[in-house]
Amino acid sequence: MGRFSVVKRVLLVTLCGVFLIAGIVVALAEEKKSAANEKKKVDHRKAFAIYKKKCLQCHDSVADPEKRGHTRDEWLLVLKTMHGYGLGLSPQEVELISGLLYDLRRGMEKDPG
Ligand code: HEC
């Protein structure tokens, strides 16, 4: 075997290594992305428990999928208003409840009829 073919082999192995590492890096990045997406979704059961405790002392449930949907910003505004009525909500609870209501009332964008 000549010197040239050794060099070629080393190059080939190096190239394989580079592709392998690139593949791993891409796979890890994808995994991180989907983990971030998971995190954005609220835990409905946990959110509903807080919602039930904090929101239903004054009025009937507004978590009605038949009712018109709101954007996340609109829900944050509603929560801020309710918060102004002396409701002690932590930022985390606001996040959970707004996520819950947004998810539940996404079905209908407008009042029918
Ligand atoms: C201290 C009593 C009280 C609590 C607690 C309360 N609300 Fe309300 N809520 C009201 C009153 C009074 C109204 C009607 C007057 C108004 O709209 O300001 C209302 C109206 C609403 C409306 C309809 C008005 C709109 O802007 O769409 C929504 C939705 C709502 N509340 C959601 C919530 C949620 C979610 C919670 C829990 C985070 C909550 N409320 C907790 C008193 C309360």
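Residues numbered from 1 in each chain as written. Predicted model: local features only at pLDDT ≥ 70, side-chain atom pairs only at ≥ 80, totals over all residues.

Draft legend 1. Structural detail: the packing of helix α3 (residues 72–84) against helix α4 (residues 91–104). Remark: α3 packs on α4, axes separated minimally by 9 Å, with the N-to-C direction vectors making an angle of 130 degrees. As judged from the angle between their axes, α3 and α4 are oblique. In this structure, α3 meets α4 at a crossing whose hand is right-handed. On α4, the residues touching Arg 72, Trp 75, Leu 76 and Leu 79 of α3 are Val 94, Ile 97, Ser 98, Leu 101 and Tyr 102. (Axes fitted to C-alpha atoms, helices over the stretch in contact; angles between N-to-C directions. Helix = DSSP H or I, 4+ residues; strand = E, 2+ residues; numbered from the N terminus. Parallel < 35°, antiparallel > 145°, perpendicular 65-115°, else oblique. Left-handed = near helix turned anticlockwise from the far one by under 90°. Contact = placed C-beta atoms within 7 Å.)

Draft legend 2. Structural context of the packing of helix α2 (residues 44–55) against α4. It is the contact of α2 with α4, at a shortest axis distance of 9 Å, that shows an interaxial angle of 105 degrees. Between α2 and α4, the interaxial angle falls into the category roughly perpendicular. Side by side, α2 and α4 meet where His 44, Lys 46, Ala 47, Phe 48, Ile 50 and Tyr 51 of the first sit next to Glu 93, Leu 96, Ile 97, Gly 99 and Leu 100 of the second. Of the residues assigned to the contact of α2 with α4, the class counts are seven nonpolar, two polar and two charged. (Nonpolar A, V, L, I, M, F, W, Y, C, P; charged D, E, K, R; others polar.)

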